[in-house]
Amino acid sequence: MSDMNEAPTDADQGTPPELRFLKILVTTLAGTMILGLITIIFLFVTRLPDASIPRPALPDGITLPEGTKAEAVTIGRGWIAVVTEADEILILDATTGELRQRVQITPQN
């Protein structure tokens, strides 16, 4: 005979079917969430390194000197400034595309 102060155990009464169903449902949902999170992390790791930053497009009729690649382009009134990979700014005429000025970018100490 059991005392009134003792809590009932599962062995005494057995687990109700509703609780068994709820336990299976929670376990299944937790497993699905873990698999989904692993899938999302895998996709981020495999897809994002392939994404590259596109180069800026120069207006038609503007060609850069041989061997230079544009990093940034700014268009002003009558001029176009192109920042190159070689850390210099090329100021070009907007109508003719001729090089007006070449400015070397020096790092600040």
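Predicted, not measured: the structure shown is a model, and the values here were computed from it. (Residues numbered from 1 in each chain as written. Predicted model: local features only at pLDDT ≥ 70, side-chain atom pairs only at ≥ 80, totals over all residues. Heavy atoms only, no water.)

(A) Representation of the pattern of salt bridges in the model. As enumerated under the stated definition, the model contains two salt bridges in all. Note that Arg100 is salt-bridged to Asp93, the shortest N-O span being 2.8 Å. (Salt bridge = Lys/Arg side-chain N within 4 Å of Asp/Glu carboxyl O.)

(B) Seen up close, a nonpolar patch on the surface. Side chains of Leu19, Phe21, Leu22, Leu25, Val26 and Leu29 sit close together on the surface and give an oily, nonpolar patch of about 580 Å² of accessible area. For Leu29, the location among the structural elements is in helix α2 (residues 17-47). (Patch = residues over 30% accessible without salt bridge, like charges linked within 9 Å, V, L, I, M, F, W, Y side chains within 5 Å. Areas by Shrake-Rupley, 256 points an atom, 1.4 Å probe, with all protein chains shown as cover. Helix = DSSP H or I, 4+ residues; strand = E, 2+ residues; numbered from the N terminus.)

(C) Here's a closer look at the sheet that holds strand β4 (residues 99-104). What the four strands build is an open sheet, ordered β1-β2-β3-β4; its pairing is antiparallel. Of all the strands in the sheet, just β1 (70-75) and β4 have a single pairing partner and so form its edges. Neighbouring strand axes in the sheet, compared pairwise and without regard to direction, differ in orientation by 20 degrees on average. Bridge count between strand β3 (residues 88-93) and β4: five bridges; the pairing is antiparallel. The partner of Leu92 across the bridge, within β4, is Leu99. (Pairing = 2+ DSSP bridges. Axes fitted to C-alpha atoms, helices over the stretch in contact; angles between N-to-C directions.)

(D) Representation of the nonpolar core in the model. Judged by nonpolar contacts, Ile62, Ala70, Ile80, Val82, Leu90 and Leu92 together constitute the single largest core of six residues. Mapped onto this core, the elements with two or more residues apiece are β2 (79-84) and β3. (Core = buried A, V, L, I, M, F, W, Y, C linked by side-chain atoms within 4.5 Å. Buried < 20%, exposed > 50% of the residue type's maximum accessible area, 1.4 Å probe, protein only.)

(E) Expanded view of the environment of Glu85. Within the secondary structure, Glu85 sits in the loop between β2 and β3. Looking at Glu85, the relative accessible area reads 40%, which means it is partly exposed. For the pair Glu85 and Ala72, spaced 13 residues apart in sequence, the C-alpha to C-alpha distance is 9.2 Å.

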